[in-house]
Amino acid sequence: MSEIDNLKKAILENYPRLSNDDTFQFACRPGVPCFNQCCADVNIFLTPYDVLRLKNRLKMDSDDFLNAYTLLPIDEHQNYPVVILKMQENEIKNCFFVTEQGCSVYTDRPWACRYYPVGLASPKEDTPADQDFYFLLQEEVCKGFEEKRQWSIREWKADQGVEKYDEFGQLFKEITLHDFFKGNKQLDPMRMEMFHMACYNLDKFRRFIRESSFMKRFDLEAGLMDKIMADDEELLRFGLHWLKFALFGEPTMKVKPAALRGDKP
Ligand code: SF4
Ligand code: SF4
């Protein structure tokens, strides 16, 4: 079992399960003795919304951003593609965005960096007890727990500005926790590509919609095409909706009669 799988197992089996009203003592600020130490040699999984925010923050095309700042770990047991924030190839393996003053992309930092030291687990089992819960990652390196400030989980989330991240996280979970994956079923290579494009490579997805026969195959509500061409958040929302059709055959898209008949576009 990998280190990450072991941690997941420990969280599900042993960590206290917290809800929005539970409290913890913590503060992170320049001046804590461990300042920036959590921004090195760490596995940070990026959500689709993280990628959107960071590539726009850096004014980069999705392809360029993914190539420069992310890794796509390949694991034969993986059900769908995941993207990890790349660390620098120096001795301390620090994040590309960390500076002496802290995170240089702070207002667009990823979901996991915002929530830390709080984590969110989604067990997705069949028992009612196994619902989403929060937990605390109390790592030795982090001295923030010695600070006096008290937070409820709800206050922490509001302070860290996670609302939009949670909204897109929920849409993403409707894909990643889909019943299709029960029994460890995996996507085939073509669907892996679709998943990767619609979730992480939005600029490629936009070109695909514009330049392929996509528009000839699907009936979109009036005005939607303009919105998804102009706005990355609309495009991501649409992509996650389309994936339910493309990956799992759910009737989330209206196919044009000519496409159903198999007429040539
Ligand atoms: S994105 Fe910012 S907060 Fe997250 S690891 Fe990098 S420097 Fe740290
Ligand atoms: S290790 Fe903890 S207290 Fe130190 S900088 Fe990171 S989050 Fe803040």
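Since this is a predicted model, take the numbers as computed values, not measurements.

The rules behind these values
- Note on numbering: residues in each chain are counted from 1, in written sequence order.
- Each chain is given a letter, starting from A, and each ligand a number, starting from 1, according to the order in which they appear as written.
- pLDDT decides what is reported in this predicted model: residues at 70 or higher carry local features, side-chain atom pairs at 80 or more are listed and counted, and totals for whole chains, interfaces and linings draw on all residues regardless.
- Helical segments are the DSSP runs of H or I of at least four residues, strand segments are the runs of E of at least two, and each set is numbered from the N terminus.
- The quantity called the radius of gyration is restricted to C-alpha atoms. Its globule counterpart is 2.2 Å times the number of residues to the power 0.38.
- To sort residues by burial, count the other C-beta atoms lying within 10 Å of each one's C-beta; a count of 20 or more means buried, 12 or fewer means exposed, and anything in between means partly exposed. C-beta atoms are built from the backbone.
- Two residues form a contact once the distance between their C-beta atoms, set from the backbone, is within 7 Å.
- In this context, the arc is that of the directions from the helix axis out to the C-beta atoms.
- Each residue receives a C-beta atom built from its backbone; the residue is near a molecule or strand if that atom lies within 6 Å of it.
- Residue classes follow a fixed rule: Ala, Val, Leu, Ile, Met, Phe, Trp, Tyr, Cys and Pro count as nonpolar, while Asp, Glu, Lys and Arg count as charged, and any other residue, Gly among them, counts as polar.
- Each domain span listed reflects an automatic or database assignment of domains.
- As a rule, the C-alpha atoms of each element are fitted with a line to give its axis, helices using only the stretch in contact, and angles between N-to-C directions run from 0 to 180 degrees.
- With respect to orientation, any angle under 35 degrees is reported as roughly parallel, any angle over 145 as roughly antiparallel, any angle of 65 to 115 as roughly perpendicular, and every other angle as oblique.
- Take the far helix as the reference: if the near one is turned anticlockwise from it by less than a right angle, the crossing is left-handed, and if turned clockwise, right-handed.
- Here, strands pair whenever DSSP counts at least two bridges between them.
- Joining buried Ala, Val, Leu, Ile, Met, Phe, Trp, Tyr and Cys residues through C-beta atoms within 7 Å gives a set, and that set is a nonpolar core.

S.K.: How should I be thinking about the overall build of the protein chain in this particular structure?
M.R.: Helix and strand content of the protein chain: 12 helices and 11 strands. In summary, the protein chain has a C-alpha radius of gyration of 20 Å against a globular reference of 18 Å for 265 residues, a match within 12%. Taking the principal axes of its C-alpha atoms as reference, the protein chain extends roughly 65 × 45 × 35 Å. Buried residues in the protein chain amount to 21% of all 265 residues. Of the contacts made within the protein chain by residues no fewer than 6 positions apart, 74% connect residues no fewer than 24 positions apart.

S.K.: Help me out: how do you make sense of helix α3 (residues 62–69) in this one?
M.R.: In an α-helix there are 3.6 residues to a turn, and that puts residues three or four apart on one side. Looking at α3, one finds that the buried residues are S62, F65, L66 and Y69. What you see down the axis of α3 is that its buried residues fit within an arc of 100°, all on one side. Facing away from the buried side of α3 by more than 90 degrees, the exposed set consists of N67 and A68. Buried residues along α3 sit against α2 (48–57), β3 (70–71), β4 (83–85), α7 (189–200) and α8 (202–211).

S.K.: I keep staring at the site of ligand 1 and nothing clicks. Help me out?
M.R.: Close to ligand 1 lie C39, I44, C95, F97, V98, C103, V105, R109, P110 and C113, which account for all nearby residues. Its residues assigned to classes, the shell around ligand 1 comprises nine nonpolar, no polar and one charged.

S.K.: What should I look at first to understand the domain arrangement of the protein chain in this one?
M.R.: When the parts of a complex come together, some accessible area is lost, and that lost area is often used as the size of the interface. Examined at the domain level, the protein chain breaks down into domain 1 (3–176) and domain 2 (187–261). If you average the C-alpha positions of domain 1 and of domain 2, the two centres end up 28 Å apart. Each partner contributes residues to the interface: domain 1 has 17 residues there, and domain 2 has 16 residues. Those elements giving two or more residues to the side of domain 1 that touches domain 2 turn out to be α2, α3 and α6 (163–176). Residue contributions to the side of domain 1 that touches domain 2 peak at five residues, all from α2. For the side of domain 1 that touches domain 2, the per-class residue count stands at 12 nonpolar, three polar and two charged.

S.K.: I keep staring at the packing of α6 against helix α11 (residues 232–248) and nothing clicks. Help me out?
M.R.: In a pair of packed helices, the angle between the axes and the distance between the axes together describe the arrangement. For the pair α6 and α11, interaxial distance at closest approach is 9 Å and the crossing angle is 15°. One element, α6, and the other, α11, form an angle in the roughly parallel class. Our pair here, α6 against α11, has a crossing hand that is left-handed. Residue-level inspection shows F168, L171, F172 and I175 of α6 in contact with α11, the latter providing L236, R237, L240, L243 and K244. Residues of the contact of α6 with α11, tallied by class, amount to seven nonpolar, no polar and two charged.

S.K.: Honestly, unusual backbone geometry in this entry has me stumped. Any pointers?
M.R.: Of note, the amide linkage connecting Y116 to P117 takes the cis form, showing an omega dihedral of 15°. Within the secondary structure, P117 sits in the loop between α4 (111–115) and β7 (118–121). Look at N36: it is not a glycine, yet its phi comes out positive at around 80°. Residue placement: N36 occurs in the loop between β1 (23–25) and β2 (45–46). For K93, which is not glycine, the phi dihedral falls at a positive 50°. Take K93: it is sitting in the loop between β4 and β5 (98–99).

S.K.: Hey, could you run me through the sheet that holds β3 in this one?
M.R.: Backbone-to-backbone hydrogen bonds join strands into a sheet, with any given pair of strands oriented parallel or antiparallel. The strand order β2-β4-β3 describes an open sheet built from three strands, whose pairing is antiparallel. Of all strands in the sheet, those with a lone pairing partner are β2 and β3, marking the two edges. As paired strands, β2 and β4 are joined by two bridges and run antiparallel to one another. Note on β4: the bridge partner recorded for L46 is V83.

S.K.: How do you make sense of the environment of F133 when you look at a structure like this?
M.R.: Summarising the element assignment, F133 is placed in strand β8 (residues 133–136). Separated by 114 residues in sequence, F133 and S19 have C-alpha atoms that sit 6.3 Å apart. Apart from the residues lying within four places of it in its own chain, the contact partners of F133 are R17, L18 and A121.

S.K.: Explanation requested: the nonpolar core in the structure shown.
M.R.: Most often, soluble globular proteins keep nonpolar side chains buried together rather than apart. Grouped together as the largest cluster of nonpolar side chains are 34 residues, with contacts concentrated most on V51, C95, A198, F205, L235, L236 and L243. If you list the elements that add at least two residues to this core, you get α2, α3, β4, α6, α7, α8 and α11. By residue number, the principal contributor to this core is α11, which donates six residues. Residues lining this core come from more than one domain, with at least three contributed by each of domain 1 (3–176) and domain 2 (187–261).

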